[in-house]
Each structure stands twice: as C-alpha cells, then as structure tokens.
Amino acid sequence: MTATAPAAEATVRKSSPGTARGPRRRTGRLRRVGLPYLLLLPALLLELLVHLVPMVIGIAMSFKELTQFYIRDWSTAPWAGLDNYSVSVDFDAPVGKALLHSFLVTVAFTVLSVGLCWLIGTAAAVFMQDTFRGRGLLRALFLVPYALPVYAAVITWVFMFQHDNGLVNHVLHDQLGLTDKPSFWLIGDNSFVALLTVSVWKGWPFAFLIVMAGLQNIPRELYEAAALDGAGMVQQLRRITLPSLRPVNQVLVLVLFLWTFNDFNTPYVLFGKSAPEAADLISMHIYQASFVTWNFGTGSAMSVLLLLFLLVVTGVYLALTSRGRRTAQ
C-alpha cells in the first residue's frame, strides 16, 4: 500500500498538466480562428453604415409620398405603396417617358464609352509590349487622365469646350477649318459628343492598365512559336492575345459598364445641375427628380429600379461568362 501511493500521486501530477493544457489549446485555437473576423469587424461596420443603411432607407423612401413638405421628418410622409413605381414605368405619361428617354441615352452612352475605352486601352497596351526608348515615360503619360481627380479633369474640359474661347473650337474651326462656325458643345445635340469624349478620355487609361497587366501573364514563347509558323501580327492578336485576355476582359468590361452606367460626377461637373436632353444620363435624371423637383419618393423608386436593372444585367453577364468558361474548358 505504501509503495503504490507515491506512484499514484506521481501519475496524477503527470496527468494534470495535460488536462490543463487541453482548454488552453482550445482557447488559442479560438483566438486564431476568431482574430481575422475581429479584424474585419470595423470594415464590415463601416460598410454597413456607408452603403447598406442608406440603401435600406432609400428603398423605404420609395414607398412613401415624400416631397419637400415632409423632408424635415420623412417618416411622417404618407404611404404611397407602389404608386411611385407605377408612375416611373408609365411610359405614356411625362415622367415615365422622360425616364425611358434618359435610360436609352444612358444605354447608348455606356455602350459607346465602354467599347471605345476597351478598344483604345487594348490597342495602347499591345503597342506598349514592344521595347523602345521612352516607353516608361509614355506609360506614365497614358495614366495621367486616370490619376487626375475627376473634378479637376472635367472642369478643364469645360473650359476647352467653351464656345468663344475654347481650345476645341479654336482647333476645329480656326486652325483646321472643319466647321463652318464655332459649335456649342455643352448644350444641344453636341453635348452627347462632349460627354462621350470626356468619359472615354478619363476611362481608357484604366482599361490600358488592366490589359497591360494581363499581357504580362502571356508567355513570350507562344508569340515566338507563332512567328516561326508564319503567323503575322493580326493572326497573333486573334489567336493568342485576345483568347488569353478573355478572363481579364470579362472583368474589365463589367467594371467599366457599372462605372459608366452609374457615372454622375462627369455630367454634373460638365453641365451643372441640369443636363441637356441629349446628354440626360439616368444618374442626372434621378438627381433632378429628387433634388430639383423635390419628389424624393419618385426619385427613390427610380433608384431602386436602376439597382434592379444593374443586378439583373450583372447576373446574366456573370452567368453567360461562367458558362463560356466551362464550355472552353
């Protein structure tokens, strides 16, 4: 009995640290697993406050008859139900007809802007793949429109588009003689051309940057093998460059589409609070419906309809591109 007692005590002493070490290990594992979520918590809260909360409030406002009379306490505004939505999509009425016109202008503007940005950016990126003197300086100059603040860039174009002393009329009319008289670029039908020019000018460097990064992942051996087989520059572009850039272009086109369709800063700085009819983008139209006519309920309904349209287009685009990737594999 006396011989077995010390052995039992020693066994208990040896086993006790192991049993205490188990909860400590579990606590350390929980800390390691929970630490990333804890570090993400401030960003998630900020995202909630900046984006999700205003979006929920905007959706709630779209179901109310909210005008300037209830702006002090918008929760007391009468309940409108789906009236704001029915007014917005009634294309026979003035409000719906104006919204449809703005939507069509935005679609045309987005298609042209995204297409030109992608085309110019891709051409510049392919051209910059060759090594020549001054390539680094030219790359930096290409990125200047993208690096400039939007207000500084667009306000410069406002001065250039002036009727009497603008640089555009000076070059086109005075220097080159391409027009019979100086044109009005910020009013009338020419406003669409002016808006498209500014959008492409400040948007194509982003496409250039993304495509140039994608070109770095294409092995040079493919071009060398194609050249040995007799493939010219056009055939290399069709058979190697564009297929290899397909995943990059899919993301690039989607980002450019969302940015361009929602663009508000460019037309606002270019035209002010009231855009011409030819350049009445849907972002400016919603702003005028909300903050110029003080009909916040209808403006919120238009914003929700725009959100639904972008979600549907984005979902269809992602489904089609993912199906194309599976088919290619």
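Because the structure is predicted, anything quoted here is derived from the model rather than measured.

### Description of the packing of aromatic side chains
Counted according to the given criterion, the structure contains 21 aromatic pairs. Each ring, one from F109 and one from F192, has its centre 6.5 Å from the other, and the planes form 80 degrees; the classification is edge-to-face. Placement of F109 in helix α3 (residues 94–127) and of F192 in helix α8 (residues 190–215) is noted, with a sequence separation of 83 residues between them. Accessibility classification places F109 together with F192 in one group, the buried group. Judged by centre distance (5.5 Å) and plane angle (50 degrees), the rings of F257 and F261 are tilted. With a gap of 4 residues between them, F257 and F261 both fall in helix α11 (residues 246–261), about one helical turn apart. Ring-pair connections join several aromatic residues into one group, and the members of that group are F264, Y268, Y287, F291, W294 and F296.

### Re the packing of helix α6 (residues 150–160) against α8
Two measures define how a pair of helices packs: the angle their axes make with one another and the distance between the axes. Orientation of α6 relative to α8, taken along the N-to-C sense of each, is 140 degrees, at an axis distance of 11 Å. One element, α6, and the other, α8, form an angle in the oblique class. Like other packed secondary-structure pairs, α6 and α8 cross with a definite hand, here right-handed. Packed against α6, whose contacting residues are A153, V154 and W157, the element α8 presents T197, V198 and W201 at the interface. Class assignment for the residues of the contact of α6 with α8 results in 5 nonpolar, 1 polar and no charged.

### Observations regarding the side chain of S62
By the secondary structure assignment, S62 is in the loop between α1 (4–61) and α2 (83–88). Looking at S62, its side chain comes within polar contact range of the side chain of Y85, at 2.6 Å. In contact with S62, other than residues within four places in its own chain, are G81, N84, Y85, G297, S300, A301 and V304.

### A short note on the confidence of the model for the protein chain
When pLDDT is averaged across the protein chain, the result is 85; 89% of the residues are at 70 or more. Highest mean pLDDT in the protein chain belongs to α3 (94); lowest belongs to α1 (70).

### Focus on α11
For α11, built from 16 residues, the straight-helix expectation of 22 Å at 1.5 Å per residue is met to within 8% by its first-to-last C-alpha distance of 22 Å. Three or more residues of α11 are buried, namely N249, Q250, L252, L254, L256, F257, T260 and F261.

### Concerning the environment of S113
Here S113 shows up in helix α3. Residue S113 is classed as buried on the basis of its relative accessible area of 0%. Placed 91 residues apart in sequence, S113 and W204 show a C-alpha to C-alpha distance of 8.9 Å. Ignoring sequence-local partners within four residues, the contact set of S113 consists of L196, S199, V200 and T260.

### Comments concerning the nonpolar core
The biggest cluster of nonpolar side chains holds 42 residues, and the ones touching the most others in it are F161, L195, F208, L256, L270 and F271. If one sorts the elements of this core by residue count, α8 sits on top with 13 residues. Counting 9 residues, the second largest nonpolar core, distinct from the first, contains L99, A289, M302 and L310.

Criteria and cut-off values
Residues numbered from 1 in each chain as written. Predicted model: local features only at pLDDT ≥ 70, side-chain atom pairs only at ≥ 80, totals over all residues. Heavy atoms only, no water. Phe/Tyr/Trp six-rings, centres within 6.5 Å; stacked < 30°, edge-to-face > 60°. Helix = DSSP H or I, 4+ residues; strand = E, 2+ residues; numbered from the N terminus. Buried < 20%, exposed > 50% of the residue type's maximum accessible area, 1.4 Å probe, protein only. Axes fitted to C-alpha atoms, helices over the stretch in contact; angles between N-to-C directions. Parallel < 35°, antiparallel > 145°, perpendicular 65-115°, else oblique. Left-handed = near helix turned anticlockwise from the far one by under 90°. Contact = heavy atoms within 4.5 Å. Nonpolar A, V, L, I, M, F, W, Y, C, P; charged D, E, K, R; others polar. Polar contact = N/O pair within 3.5 Å; in protein donor to acceptor, adjacent residues only side chain to side chain. pLDDT = per-residue confidence, 0-100. Expected span 1.5 Å × (residues − 1). Core = buried A, V, L, I, M, F, W, Y, C linked by side-chain atoms within 4.5 Å.

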